[in-house]
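Listed here are the chains, written in short residue letters.
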Amino acid sequence: MSNLQRLVYSSRATFAQVQDDSGINREVARILMQSRRNNPRQGLVGALYFGDGNFFQCLEGEAEALDEVCERIRQDSRHTGMKVLGRHPIKSRSFSVWAMKFVPNAMQVQILLVSRGLTRFEPEKFDESTISAMLTLLRQGADADLLQVDASGNRRSGNRLPEPVAATASGHSGRTAMLFGAAALVVIACIAWLVLGG
Ligand SMILES: Cc1cc2nc3c(=O)[nH]c(=O)nc-3n(C[C@H](O)[C@H](O)[C@H](O)COP(=O)(O)O)c2cc1C
């Protein structure tokens, strides 16, 4: 008989908050790679959010599989202070296509924090309604599809960057090209004015 459950927990990272050029912490990238490799084998799905050095993870699957992965995660030295925020029976998985969805540091989460009078992402302090709002955001948020990382955490070539970073990068280069073009036109106009005896 099926015994599907949803488990939500928070914890604090023990590693340094250094981001790589995609804006994602290398250690978080490794965790995601492991999750995406392991979770499908156990019929587990879920989502992970990392902000202000704190993890918020939701895992859905059979109770036994949840117990097993939870124990493994608890023993992981990359985080500490694991606090179960909720564990409830569910009828079906709500992250069904995601072995482990990763939502990059989202503006909506910042807005949620402000609306609750919070200044930092500290999920261990969240009340029921904030946890539920956070889960809704994770379901809606776009996944950062960056995780073709090798075992030592290096991104392999040809990986897609997370959408917001890619969009920002192309936006910047477009704007820079326009500025250079405008500056070049001004310089050419000045030279022409000087040469033509203005
Ligand atoms: C915050 C956090 C979340 C994690 N989530 C998962 C997960 O969903 N699934 C998983 O298999 N491992 C997860 N891990 C990694 C496990 O702790 C463990 O390192 C990994 O499962 C070992 O797998 P491996 O022997 O295949 O490398 C997580 C670790 C941390 C710190």
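Calculation rules
Residues numbered from 1 in each chain as written. Predicted model: local features only at pLDDT ≥ 70, side-chain atom pairs only at ≥ 80, totals over all residues. Heavy atoms only, no water. Near = heavy atom within 4 Å. Polar contact = N/O pair within 3.5 Å; in protein donor to acceptor, adjacent residues only side chain to side chain. Areas by Shrake-Rupley, 256 points an atom, 1.4 Å probe, with all protein chains shown as cover. 1 Å grid on protein atoms, 1.4 Å probe; cavity = no way out; pocket = protein on both sides within 12 Å on 5 of 7 lines; lining within 4 Å. Sits in = over half its atoms within 2 Å of the grid points. pLDDT = per-residue confidence, 0-100. Contact = heavy atoms within 4.5 Å. Buried < 20%, exposed > 50% of the residue type's maximum accessible area, 1.4 Å probe, protein only. Helix = DSSP H or I, 4+ residues; strand = E, 2+ residues; numbered from the N terminus. Arc of directions from axis to C-beta. Points joined across faces, edges and corners; volume = space filled by probe spheres on them. Nonpolar A, V, L, I, M, F, W, Y, C, P; charged D, E, K, R; others polar. Salt bridge = Lys/Arg side-chain N within 4 Å of Asp/Glu carboxyl O.

For the protein, the name recorded in an unreviewed UniProt entry is Sensors of blue-light using FAD, with Dokdonella immobilis as its organism.

Draft legend 1. Just the site of the ligand, in detail. Neighbouring the ligand are 17 residues; Gln34, Arg37, Asn39, Arg72 and Asp76 lie closest to it. Between the ligand and Asn39, the relevant distance is 2.7 Å, taken from a nitrogen atom to a side-chain nitrogen or oxygen of the residue. Contacts to the ligand include Gln57, whose side-chain N or O atom sits 3.1 Å from an oxygen atom. Relative to its free-state accessible area of 620 Å², the ligand is covered by the protein chains to the extent of 83%. Cavity membership is defined here by more than half of the atoms lying within 2 Å of grid points; on that basis the ligand lies in the second largest pocket.

Draft legend 2. Focus on the confidence of the model for the protein. Mean pLDDT over the protein stands at 82; residues scoring 70 or higher make up 77%. Between residues 146-176, whose pLDDT stays under 50, and residues either more than four places distant or in other chains, the model counts 38 contacts.

Draft legend 3. Region of the structure containing helix 3 (residues 107-115). What helix 3 keeps buried is the set Val109, Leu112 and Leu113. Within helix 3, the buried residues cover an arc of 100° as seen down the axis, which keeps them to one side. In helix 3, the exposed positions angled more than 90 degrees off the buried face are occupied by Met107, Ile111, Val114 and Ser115. Along its buried surface, helix 3 packs onto strand 2 (45-51) and helix 4 (128-140). Two residues or fewer past helix 3, Gly117 is found with a positive phi of approximately 75°.

Draft legend 4. Looking closely at the layout of surface pockets. Size it by volume and the second largest pocket reaches roughly 300 Å³. What lines the second largest pocket is a set of 17 residues, and nearest its centre among them are Ile31, Ser35, Ile73, Asp76 and Arg78. Elements with a minimum of two residues in the lining of the second largest pocket: helix 1 (26-38), strand 3 (54-62) and helix 2 (63-74). Among the elements that take part in the lining of the second largest pocket, helix 1 stands out by supplying four residues, more than any other. Among the residues forming the lining of the second largest pocket, the class breakdown is eight nonpolar, six polar and three charged.

Draft legend 5. Examining the pattern of salt bridges more closely. Inspection of every chain in the model, using the stated rule, returns eleven salt bridges. A salt bridge links Glu68 to Arg72; its shortest N-O distance comes to 2.7 Å. Remark: Arg72 and Glu68 occur in helix 2; sequence separation between them is four residues, near one turn of the helix. You can call Glu68 partly exposed: its relative accessible area is 36%. Given the relative accessible area of 35%, Arg72 is considered partly exposed. Of the charged contacts in the structure, one is a salt bridge between Glu122 and Lys125, with a shortest N-O distance of 3.2 Å. According to the relative accessible area criterion, Glu122 is partly exposed, its value standing at 25%. Ionic contacts of the salt-bridge type, sharing partners, join the residues Glu27, Arg30, Asp76 and Arg78 into one network.

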